[in-house]
Amino acid sequence: MSEIAGPAAAALASLCPDDVIFLQSLPKAELHAHLNGSIPIKTILELAQQYSPSSAQTTEVADTIEKLRSGVILNDIFDFFSLMPAIYALTSTPEAVATVTRGVLQSFLNPTGDGGELNSPQCTYLELRTTPRMTAHMTRERYLTVVLDEIEMYPATQATLIVSVDRRMSDLDVEECISLAIKMKNRGRRVVGIDVCGDPRSGDMQSFTQHLSRAKSAGLGLTVHIAESTKNTTEDSLALLSCRPDRLGHATFLSDELKALFFADIPQPGTECDSLSECATSTTANPHTPAGLRDPSHPLHDRFKNLKEGYFLRFVSDSTESEETKAHISFWADAEKFSERAAVKDIEAMIKQAQSPNNARLNGQYKPCMEICLSSNLLCKTVASLDAHHIRYYLKNDHPIVICTDDALFFRTSCLGEYSLLLAQPPLGLGLSRDDVTRIARMGMDAAFLIPRD
Ligand SMILES: [Zn+2]
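Going by what an unreviewed UniProt entry lists, the protein chain is known as Adenosine deaminase domain-containing protein and is assigned to Suillus luteus UH-Slu-Lm8-n1. You can read under Cofactor (unreviewed entry) in the UniProt record for the protein chain the words "Zn(2+)".

If you want it as C-alpha coordinates, here you go:
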(Lines give C-alpha, C1' and ligand atoms only; values in the text may rest on other atoms or scores of the structure.)
Protein backbone atom coordinates (compact mmCIF):
# COMPACT_ATOMS: atom_id res chain seq x y z
CA MET A 1 0.00 0.00 0.00
CA SER A 2 1.24 3.49 -0.74
CA GLU A 3 2.26 5.26 2.42
CA ILE A 4 -0.33 7.62 3.67
CA ALA A 5 0.14 10.61 5.95
CA GLY A 6 -1.77 13.56 7.37
CA PRO A 7 -5.43 13.52 8.43
CA ALA A 8 -6.29 10.24 6.65
CA ALA A 9 -3.37 8.43 8.30
CA ALA A 10 -4.31 9.79 11.72
CA ALA A 11 -7.92 8.66 11.26
CA LEU A 12 -6.87 5.20 10.06
CA ALA A 13 -4.45 4.77 12.96
CA SER A 14 -7.24 5.51 15.43
CA LEU A 15 -9.46 2.67 14.17
CA CYS A 16 -9.59 -0.77 15.78
CA PRO A 17 -8.54 -3.71 13.54
CA ASP A 18 -12.15 -4.79 13.19
CA ASP A 19 -13.13 -1.38 11.78
CA VAL A 20 -10.27 -1.52 9.29
CA ILE A 21 -11.42 -4.95 8.07
CA PHE A 22 -14.96 -3.58 7.78
CA LEU A 23 -13.74 -0.68 5.60
CA GLN A 24 -11.52 -2.92 3.50
CA SER A 25 -14.37 -5.29 2.75
CA LEU A 26 -16.80 -2.55 1.65
CA PRO A 27 -17.29 -2.36 -2.13
CA LYS A 28 -16.02 1.14 -2.97
CA ALA A 29 -16.08 3.26 -6.12
CA GLU A 30 -13.26 5.77 -6.71
CA LEU A 31 -14.82 8.30 -9.06
CA HIS A 32 -12.57 11.34 -8.65
CA ALA A 33 -8.93 10.41 -9.17
CA HIS A 34 -6.66 12.40 -11.48
CA LEU A 35 -4.20 10.19 -13.31
CA ASN A 36 -1.20 12.51 -12.95
CA GLY A 37 -2.03 13.32 -9.34
CA SER A 38 -2.36 9.68 -8.34
CA ILE A 39 0.99 8.32 -9.52
CA PRO A 40 2.62 6.16 -6.83
CA ILE A 41 5.72 7.92 -5.49
CA LYS A 42 7.74 4.81 -6.38
CA THR A 43 6.83 5.26 -10.05
CA ILE A 44 7.67 8.98 -9.95
CA LEU A 45 11.11 8.24 -8.53
CA GLU A 46 11.74 5.63 -11.23
CA LEU A 47 10.77 8.09 -13.95
CA ALA A 48 12.91 10.80 -12.38
CA GLN A 49 15.94 8.53 -12.56
CA GLN A 50 15.40 8.04 -16.29
CA TYR A 51 14.73 11.73 -16.84
CA SER A 52 17.49 13.24 -18.93
CA PRO A 53 18.22 16.77 -17.86
CA SER A 54 17.90 18.84 -20.96
CA SER A 55 16.21 22.03 -19.99
CA ALA A 56 15.49 24.58 -17.32
CA GLN A 57 12.75 22.24 -16.14
CA THR A 58 15.38 20.05 -14.44
CA THR A 59 15.51 22.18 -11.29
CA GLU A 60 11.73 22.36 -11.14
CA VAL A 61 11.48 18.58 -11.42
CA ALA A 62 14.08 18.07 -8.69
CA ASP A 63 12.34 20.59 -6.41
CA THR A 64 8.94 18.98 -6.86
CA ILE A 65 10.30 15.49 -6.23
CA GLU A 66 11.93 16.68 -3.05
CA LYS A 67 8.60 18.15 -1.93
CA LEU A 68 6.83 14.87 -2.74
CA ARG A 69 9.41 12.88 -0.79
CA SER A 70 9.14 15.03 2.31
CA GLY A 71 5.40 15.70 2.07
CA VAL A 72 3.85 18.58 0.21
CA ILE A 73 2.72 21.51 2.33
CA LEU A 74 0.20 23.72 0.59
CA ASN A 75 -0.69 27.21 1.75
CA ASP A 76 -3.72 27.29 -0.47
CA ILE A 77 -5.34 25.49 -3.38
CA PHE A 78 -3.40 27.53 -5.95
CA ASP A 79 -0.07 26.17 -4.66
CA PHE A 80 -1.25 22.80 -5.84
CA PHE A 81 -1.22 23.75 -9.51
CA SER A 82 2.46 24.76 -9.34
CA LEU A 83 3.38 21.09 -8.78
CA MET A 84 1.94 19.86 -12.05
CA PRO A 85 4.55 21.12 -14.60
CA ALA A 86 7.22 18.86 -13.09
CA ILE A 87 4.93 15.84 -13.25
CA TYR A 88 4.09 16.68 -16.86
CA ALA A 89 7.79 16.97 -17.69
CA LEU A 90 8.32 13.43 -16.42
CA THR A 91 5.37 12.02 -18.37
CA SER A 92 5.81 13.59 -21.80
CA THR A 93 6.36 10.38 -23.81
CA PRO A 94 3.85 7.61 -24.63
CA GLU A 95 6.08 5.14 -22.75
CA ALA A 96 6.07 7.25 -19.59
CA VAL A 97 2.28 7.73 -19.83
CA ALA A 98 1.83 3.96 -20.12
CA THR A 99 4.09 3.41 -17.11
CA VAL A 100 2.26 5.86 -14.88
CA THR A 101 -1.19 4.66 -15.96
CA ARG A 102 -0.20 1.09 -15.16
CA GLY A 103 1.19 2.18 -11.78
CA VAL A 104 -1.98 4.10 -10.90
CA LEU A 105 -4.29 1.25 -11.94
CA GLN A 106 -2.27 -1.23 -9.91
CA SER A 107 -2.28 1.03 -6.85
CA PHE A 108 -6.08 1.28 -6.91
CA LEU A 109 -7.16 -2.10 -8.24
CA ASN A 110 -4.55 -4.68 -7.31
CA PRO A 111 -4.58 -6.16 -3.80
CA THR A 112 -2.63 -3.78 -1.59
CA GLY A 113 -0.59 -6.48 0.13
CA ASP A 114 -0.37 -4.30 3.22
CA GLY A 115 -0.33 -7.19 5.62
CA GLY A 116 -3.88 -6.63 6.81
CA GLU A 117 -6.16 -9.58 7.35
CA LEU A 118 -7.88 -8.80 4.06
CA ASN A 119 -5.59 -8.42 1.13
CA SER A 120 -8.12 -6.30 -0.73
CA PRO A 121 -7.64 -3.64 -3.38
CA GLN A 122 -8.17 0.03 -2.52
CA CYS A 123 -11.39 0.16 -4.48
CA THR A 124 -13.75 -2.08 -6.40
CA TYR A 125 -14.31 0.24 -9.34
CA LEU A 126 -12.18 3.11 -10.63
CA GLU A 127 -13.12 5.96 -12.95
CA LEU A 128 -9.75 7.48 -13.68
CA ARG A 129 -9.63 10.96 -15.21
CA THR A 130 -7.02 12.72 -17.28
CA THR A 131 -6.63 15.65 -19.66
CA PRO A 132 -5.47 14.52 -23.13
CA ARG A 133 -2.03 16.07 -23.41
CA MET A 134 -0.18 17.03 -26.55
CA THR A 135 3.62 17.03 -26.30
CA ALA A 136 6.55 16.96 -28.70
CA HIS A 137 6.30 13.16 -28.52
CA MET A 138 2.56 12.55 -28.96
CA THR A 139 -0.79 13.89 -30.07
CA ARG A 140 -3.81 14.09 -27.79
CA GLU A 141 -5.28 11.07 -29.56
CA ARG A 142 -2.14 9.04 -28.97
CA TYR A 143 -2.13 10.07 -25.31
CA LEU A 144 -5.70 8.86 -24.86
CA THR A 145 -5.04 5.64 -26.74
CA VAL A 146 -2.07 4.82 -24.51
CA VAL A 147 -4.11 5.47 -21.35
CA LEU A 148 -7.08 3.44 -22.64
CA ASP A 149 -4.84 0.52 -23.64
CA GLU A 150 -3.77 0.23 -20.01
CA ILE A 151 -7.26 0.74 -18.58
CA GLU A 152 -8.73 -1.91 -20.86
CA MET A 153 -6.34 -4.50 -19.45
CA TYR A 154 -8.84 -4.57 -16.57
CA PRO A 155 -12.48 -5.66 -16.88
CA ALA A 156 -15.02 -2.90 -17.63
CA THR A 157 -16.56 -3.49 -14.22
CA GLN A 158 -13.28 -2.33 -12.67
CA ALA A 159 -11.76 0.49 -14.69
CA THR A 160 -13.02 3.21 -17.04
CA LEU A 161 -11.87 6.63 -18.21
CA ILE A 162 -13.19 10.16 -17.84
CA VAL A 163 -11.68 12.67 -20.29
CA SER A 164 -10.93 15.98 -18.57
CA VAL A 165 -10.92 19.37 -20.22
CA ASP A 166 -8.86 22.06 -18.54
CA ARG A 167 -10.38 25.45 -17.70
CA ARG A 168 -7.34 27.12 -19.31
CA MET A 169 -7.97 25.48 -22.68
CA SER A 170 -8.97 27.48 -25.74
CA ASP A 171 -12.34 26.85 -27.31
CA LEU A 172 -10.68 24.87 -30.09
CA ASP A 173 -8.78 22.67 -27.65
CA VAL A 174 -11.93 21.92 -25.65
CA GLU A 175 -13.73 21.06 -28.86
CA GLU A 176 -10.91 18.72 -29.89
CA CYS A 177 -10.87 16.91 -26.54
CA ILE A 178 -14.65 16.44 -26.48
CA SER A 179 -14.63 15.22 -30.09
CA LEU A 180 -11.87 12.75 -29.25
CA ALA A 181 -13.80 11.46 -26.25
CA ILE A 182 -16.94 10.96 -28.36
CA LYS A 183 -14.94 9.31 -31.15
CA MET A 184 -13.28 6.90 -28.74
CA LYS A 185 -16.59 6.05 -27.08
CA ASN A 186 -18.23 5.40 -30.45
CA ARG A 187 -15.35 3.10 -31.35
CA GLY A 188 -16.11 1.03 -28.29
CA ARG A 189 -13.20 2.35 -26.24
CA ARG A 190 -13.86 2.70 -22.54
CA VAL A 191 -14.51 6.45 -22.23
CA VAL A 192 -17.49 7.01 -19.93
CA GLY A 193 -17.51 10.70 -19.12
CA ILE A 194 -16.20 14.26 -19.35
CA ASP A 195 -14.76 16.36 -16.53
CA VAL A 196 -13.93 20.07 -16.27
CA CYS A 197 -10.82 20.64 -14.15
CA GLY A 198 -7.87 22.99 -13.69
CA ASP A 199 -7.07 26.26 -11.97
CA PRO A 200 -10.42 27.54 -10.64
CA ARG A 201 -9.42 31.12 -11.50
CA SER A 202 -9.19 30.42 -15.23
CA GLY A 203 -11.62 30.14 -18.10
CA ASP A 204 -15.04 31.40 -19.12
CA MET A 205 -17.36 28.52 -18.31
CA GLN A 206 -20.15 30.00 -20.40
CA SER A 207 -18.09 29.21 -23.49
CA PHE A 208 -17.62 25.59 -22.34
CA THR A 209 -21.32 24.84 -22.07
CA GLN A 210 -21.97 24.10 -25.76
CA HIS A 211 -19.17 21.52 -25.76
CA LEU A 212 -20.33 19.94 -22.51
CA SER A 213 -23.89 19.67 -23.81
CA ARG A 214 -22.58 17.97 -26.95
CA ALA A 215 -20.77 15.41 -24.81
CA LYS A 216 -23.92 14.73 -22.82
CA SER A 217 -25.96 14.29 -25.99
CA ALA A 218 -23.40 11.74 -27.14
CA GLY A 219 -24.16 9.66 -24.05
CA LEU A 220 -21.15 10.62 -21.95
CA GLY A 221 -21.53 11.30 -18.23
CA LEU A 222 -20.64 14.80 -17.06
CA THR A 223 -18.81 15.85 -13.92
CA VAL A 224 -17.36 19.30 -13.24
CA HIS A 225 -15.07 20.80 -10.63
CA ILE A 226 -17.28 23.57 -9.32
CA ALA A 227 -17.04 26.35 -6.71
CA GLU A 228 -13.68 24.96 -5.65
CA SER A 229 -12.35 28.27 -4.35
CA THR A 230 -13.68 31.60 -3.16
CA LYS A 231 -12.53 33.03 -6.49
CA ASN A 232 -15.27 31.18 -8.38
CA THR A 233 -18.18 33.50 -9.11
CA THR A 234 -21.89 32.74 -9.04
CA GLU A 235 -21.91 33.23 -12.83
CA ASP A 236 -19.20 30.56 -13.15
CA SER A 237 -21.27 28.08 -11.13
CA LEU A 238 -24.49 29.00 -12.94
CA ALA A 239 -22.88 28.32 -16.31
CA LEU A 240 -21.68 24.89 -15.21
CA LEU A 241 -24.95 23.99 -13.49
CA SER A 242 -26.91 24.97 -16.60
CA CYS A 243 -25.46 21.80 -18.21
CA ARG A 244 -26.92 19.69 -15.39
CA PRO A 245 -23.78 17.69 -14.64
CA ASP A 246 -24.39 14.19 -13.30
CA ARG A 247 -21.79 14.76 -10.61
CA LEU A 248 -20.09 17.78 -9.04
CA GLY A 249 -16.49 17.86 -7.83
CA HIS A 250 -15.85 19.59 -4.47
CA ALA A 251 -18.56 22.29 -4.68
CA THR A 252 -16.98 23.62 -1.50
CA PHE A 253 -18.17 27.19 -1.97
CA LEU A 254 -21.45 26.50 -3.71
CA SER A 255 -23.79 28.95 -2.03
CA ASP A 256 -26.90 27.89 -0.16
CA GLU A 257 -28.97 29.87 -2.61
CA LEU A 258 -27.59 27.93 -5.59
CA LYS A 259 -28.19 24.67 -3.75
CA ALA A 260 -31.75 25.79 -3.06
CA LEU A 261 -32.23 26.84 -6.67
CA PHE A 262 -30.86 23.71 -8.26
CA PHE A 263 -31.01 20.73 -5.95
CA ALA A 264 -34.07 18.67 -5.15
CA ASP A 265 -32.99 18.20 -1.54
CA ILE A 266 -35.22 17.85 1.43
CA PRO A 267 -35.99 21.47 2.28
CA GLN A 268 -34.46 22.92 5.42
CA PRO A 269 -36.95 23.85 8.13
CA GLY A 270 -38.69 27.06 7.21
CA THR A 271 -37.88 26.83 3.52
CA GLU A 272 -40.49 24.34 2.43
CA CYS A 273 -42.26 25.22 -0.76
CA ASP A 274 -44.01 23.08 -3.30
CA SER A 275 -42.21 24.47 -6.28
CA LEU A 276 -39.39 26.88 -6.93
CA SER A 277 -41.60 29.43 -8.63
CA GLU A 278 -43.97 29.39 -5.70
CA CYS A 279 -40.99 29.70 -3.41
CA ALA A 280 -39.74 32.84 -5.05
CA THR A 281 -42.85 34.58 -6.26
CA SER A 282 -45.58 33.72 -3.79
CA THR A 283 -47.94 36.64 -3.97
CA THR A 284 -49.25 38.75 -1.17
CA ALA A 285 -51.18 42.01 -1.47
CA ASN A 286 -48.34 43.37 -3.56
CA PRO A 287 -47.04 40.80 -6.07
CA HIS A 288 -43.63 42.47 -6.10
CA THR A 289 -42.93 41.89 -2.43
CA PRO A 290 -42.97 38.12 -1.90
CA ALA A 291 -43.40 37.29 1.71
CA GLY A 292 -41.16 34.27 1.29
CA LEU A 293 -38.12 36.31 0.41
CA ARG A 294 -38.57 38.55 3.45
CA ASP A 295 -38.41 35.53 5.71
CA PRO A 296 -34.85 35.23 7.11
CA SER A 297 -35.00 31.44 6.83
CA HIS A 298 -35.68 31.62 3.08
CA PRO A 299 -32.59 30.35 1.20
CA LEU A 300 -32.60 33.44 -1.02
CA HIS A 301 -33.29 35.91 1.78
CA ASP A 302 -29.68 37.11 2.15
CA ARG A 303 -29.30 37.74 -1.54
CA PHE A 304 -32.67 39.52 -1.59
CA LYS A 305 -31.68 41.67 1.37
CA ASN A 306 -28.30 42.61 -0.10
CA LEU A 307 -29.76 43.43 -3.49
CA LYS A 308 -32.51 45.46 -1.90
CA GLU A 309 -30.08 47.44 0.25
CA GLY A 310 -27.96 48.19 -2.80
CA TYR A 311 -30.92 49.44 -4.79
CA PHE A 312 -32.20 51.43 -1.84
CA LEU A 313 -28.90 53.29 -1.42
CA ARG A 314 -28.69 53.90 -5.14
CA PHE A 315 -32.25 55.28 -5.21
CA VAL A 316 -31.45 57.71 -2.41
CA SER A 317 -28.05 58.81 -3.74
CA ASP A 318 -29.25 59.21 -7.34
CA SER A 319 -32.34 61.14 -6.35
CA THR A 320 -32.56 64.74 -7.56
CA GLU A 321 -35.46 65.50 -5.24
CA SER A 322 -35.22 68.47 -2.89
CA GLU A 323 -34.26 68.05 0.74
CA GLU A 324 -37.81 69.00 1.59
CA THR A 325 -39.20 66.11 -0.49
CA LYS A 326 -36.66 63.74 0.97
CA ALA A 327 -37.87 64.65 4.43
CA HIS A 328 -41.31 63.38 3.54
CA ILE A 329 -42.26 59.85 4.42
CA SER A 330 -43.55 59.11 0.89
CA PHE A 331 -40.02 59.50 -0.50
CA TRP A 332 -38.77 56.68 1.70
CA ALA A 333 -41.80 54.57 0.90
CA ASP A 334 -41.00 54.99 -2.80
CA ALA A 335 -37.37 54.01 -2.16
CA GLU A 336 -38.56 50.93 -0.31
CA LYS A 337 -40.96 49.94 -3.09
CA PHE A 338 -38.42 50.57 -5.86
CA SER A 339 -35.64 48.60 -4.17
CA GLU A 340 -37.87 45.61 -3.41
CA ARG A 341 -39.14 45.46 -6.96
CA ALA A 342 -35.65 45.69 -8.43
CA ALA A 343 -34.31 43.00 -6.07
CA VAL A 344 -37.19 40.65 -6.90
CA LYS A 345 -36.63 41.23 -10.60
CA ASP A 346 -32.96 40.21 -10.23
CA ILE A 347 -33.91 37.11 -8.31
CA GLU A 348 -36.54 36.18 -10.88
CA ALA A 349 -33.89 36.46 -13.61
CA MET A 350 -31.61 34.22 -11.58
CA ILE A 351 -34.36 31.63 -11.10
CA LYS A 352 -35.15 31.73 -14.81
CA GLN A 353 -31.52 30.95 -15.57
CA ALA A 354 -31.50 28.15 -13.01
CA GLN A 355 -34.57 26.57 -14.52
CA SER A 356 -33.35 26.46 -18.09
CA PRO A 357 -32.83 24.46 -20.16
CA ASN A 358 -34.51 21.33 -18.79
CA ASN A 359 -36.26 22.59 -15.73
CA ALA A 360 -35.07 19.51 -13.90
CA ARG A 361 -35.26 21.14 -10.51
CA LEU A 362 -38.96 21.75 -10.83
CA ASN A 363 -39.52 18.08 -11.51
CA GLY A 364 -37.82 17.40 -8.22
CA GLN A 365 -35.27 15.21 -9.94
CA TYR A 366 -31.93 16.96 -9.92
CA LYS A 367 -29.62 15.55 -7.28
CA PRO A 368 -26.13 15.40 -8.76
CA CYS A 369 -23.78 13.19 -6.79
CA MET A 370 -21.22 15.28 -4.90
CA GLU A 371 -17.63 14.05 -5.20
CA ILE A 372 -16.22 14.59 -1.72
CA CYS A 373 -12.44 14.67 -1.25
CA LEU A 374 -11.88 15.23 2.47
CA SER A 375 -8.06 15.18 2.68
CA SER A 376 -7.75 17.27 -0.47
CA ASN A 377 -10.01 19.97 0.96
CA LEU A 378 -8.28 19.98 4.35
CA LEU A 379 -4.75 20.07 2.91
CA CYS A 380 -5.60 22.72 0.28
CA LYS A 381 -7.12 24.65 3.19
CA THR A 382 -10.41 25.25 1.40
CA VAL A 383 -12.13 23.72 4.44
CA ALA A 384 -10.95 24.58 7.96
CA SER A 385 -11.89 21.30 9.65
CA LEU A 386 -13.94 18.16 9.22
CA ASP A 387 -16.51 19.73 11.46
CA ALA A 388 -16.93 22.60 9.00
CA HIS A 389 -16.92 20.37 5.91
CA HIS A 390 -19.82 20.63 3.47
CA ILE A 391 -20.23 16.83 3.57
CA ARG A 392 -22.41 17.46 6.62
CA TYR A 393 -24.92 19.46 4.58
CA TYR A 394 -25.28 16.66 2.01
CA LEU A 395 -25.56 13.91 4.62
CA LYS A 396 -28.23 15.89 6.46
CA ASN A 397 -30.17 16.48 3.25
CA ASP A 398 -29.98 12.89 2.03
CA HIS A 399 -28.11 14.03 -1.06
CA PRO A 400 -25.92 11.48 -2.90
CA ILE A 401 -22.18 11.70 -2.29
CA VAL A 402 -19.11 9.67 -3.18
CA ILE A 403 -15.86 9.59 -1.21
CA CYS A 404 -12.75 10.13 -3.35
CA THR A 405 -9.01 10.72 -3.10
CA ASP A 406 -8.58 13.42 -5.80
CA ASP A 407 -4.75 13.36 -5.98
CA ALA A 408 -3.37 10.62 -3.74
CA LEU A 409 0.23 11.45 -4.67
CA PHE A 410 0.07 15.00 -3.32
CA PHE A 411 -2.34 14.43 -0.46
CA ARG A 412 -0.70 11.13 0.59
CA THR A 413 -4.03 9.40 1.04
CA SER A 414 -5.88 6.30 -0.16
CA CYS A 415 -9.50 5.14 -0.47
CA LEU A 416 -9.11 3.36 2.87
CA GLY A 417 -7.70 6.56 4.40
CA GLU A 418 -10.61 8.66 3.15
CA TYR A 419 -13.19 6.16 4.44
CA SER A 420 -11.35 6.14 7.78
CA LEU A 421 -12.14 9.86 8.02
CA LEU A 422 -15.83 8.95 7.96
CA LEU A 423 -15.65 6.28 10.64
CA ALA A 424 -13.04 7.66 13.06
CA GLN A 425 -14.33 9.51 16.10
CA PRO A 426 -14.09 13.32 16.18
CA PRO A 427 -11.90 15.27 15.97
CA LEU A 428 -9.95 12.78 13.81
CA GLY A 429 -13.03 11.76 11.83
CA LEU A 430 -16.71 12.41 11.41
CA GLY A 431 -17.72 9.62 13.78
CA LEU A 432 -20.31 8.11 11.43
CA SER A 433 -21.83 4.70 12.09
CA ARG A 434 -20.96 1.61 10.06
CA ASP A 435 -24.47 1.70 8.60
CA ASP A 436 -23.93 5.28 7.41
CA VAL A 437 -20.56 4.43 5.91
CA THR A 438 -22.06 1.40 4.13
CA ARG A 439 -24.81 3.62 2.72
CA ILE A 440 -22.25 6.20 1.53
CA ALA A 441 -20.18 3.50 -0.19
CA ARG A 442 -23.30 2.24 -1.94
CA MET A 443 -24.18 5.76 -3.11
CA GLY A 444 -20.72 5.98 -4.65
CA MET A 445 -21.18 2.75 -6.56
CA ASP A 446 -24.58 3.96 -7.77
CA ALA A 447 -23.09 7.22 -9.09
CA ALA A 448 -20.65 5.50 -11.47
CA PHE A 449 -20.93 6.46 -15.14
CA LEU A 450 -20.60 2.82 -16.08
CA ILE A 451 -24.24 2.27 -15.09
CA PRO A 452 -26.26 2.14 -18.32
CA ARG A 453 -27.61 5.59 -19.03
CA ASP A 454 -30.96 6.38 -20.57
ZN1 LIG B 1 -10.02 17.08 -8.72
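**Student:** Any chance you could explain the overall build of the protein chain here in plain terms?
**Tutor:** On a plain count of helices and strands, the protein chain comes out with 22 helices and eight strands. Counting the 454 residues in the protein chain, one finds 44% classified as buried. For the protein chain, restricting intrachain contacts to residue pairs at least 6 apart in sequence, the fraction spanning at least 24 positions comes to 77%.

**Student:** Looking at this structure, I do not really get the environment of Lys-381. What am I missing?
**Tutor:** On the secondary structure map, Lys-381 appears in the loop between helix 18 (374–379) and helix 19 (391–396). With 307 residues separating them in the primary sequence, Lys-381 and Leu-74 have C-alpha atoms 7.8 Å apart. When residues no more than four places from it in sequence are discounted, the contact partners of Lys-381 are Leu-74 and Asp-76.

**Student:** Please clarify how the pairing of strand 2 (residues 125–130) should be interpreted in this entry.
**Tutor:** Regular strands show a simple pattern: their side chains alternate between the two faces of the sheet. Of all the six residues making up strand 2, six are buried; the element is thus mostly covered by neighbouring parts of the structure. Neither face of strand 2 is open: one carries Tyr-125, Glu-127 and Arg-129, the other Leu-126, Leu-128 and Thr-130, and all of them are buried. Bridge count for strand 2 against strand 3 (residues 159–166) is five bridges, and the pairing is parallel. Counted as the bridge partner of Thr-130 is Val-163 from strand 3.

**Student:** Quick question: what am I supposed to make of the packing of helix 7 (residues 94–109) against helix 8 (residues 140–151) here?
**Tutor:** When two helices pack together, their arrangement is given by the angle between the helix axes and by the axis-to-axis distance. At their nearest, the axes of helix 7 and helix 8 sit 9 Å apart, and the two run at 35° to each other. The handedness of the crossing between helix 7 and helix 8 comes out as right-handed. In this structure, helix 7 uses Pro-94, Val-97, Ala-98, Thr-101, Arg-102 and Leu-105 to contact helix 8, whose residues at the interface are Arg-142, Tyr-143, Val-146, Val-147, Glu-150 and Ile-151.

The rules behind these values
- Position numbers for residues start from 1 in each chain and track the written sequence from start to end.
- Per-residue local features are limited, in this predicted model, to residues with pLDDT of at least 70; the limit for side-chain atom pairs, both in listing and counting, is 80 or more; totals at the level of whole chains, interfaces and linings are taken over all residues.
- UniProt positions are given in the numbering used here, feature names are shortened, and annotations may be inferred rather than shown by experiment.
- For the purposes of this entry, the term helix denotes a DSSP run of H or I that reaches at least four residues, the term strand denotes a run of E that reaches at least two, and both are numbered from the N terminus.
- Every C-beta atom is placed from the backbone, and the number of other C-beta atoms within 10 Å of a residue's own sets its class: buried at 20 or more, exposed at 12 or fewer, partly exposed in between.
- Two residues qualify as a contact pair if the distance between their C-beta atoms, derived from the backbone, is within 7 Å.
- For two strands to count as paired, DSSP must find a minimum of two bridges between them.
- Lines fitted to the C-alpha atoms define the axes, with helices restricted to the stretch that makes contact. Angles between their N-to-C directions range from 0 to 180 degrees.
- It is the rotation of the near helix from the far one that decides the hand of a crossing: anticlockwise by less than a right angle makes it left-handed, clockwise makes it right-handed.

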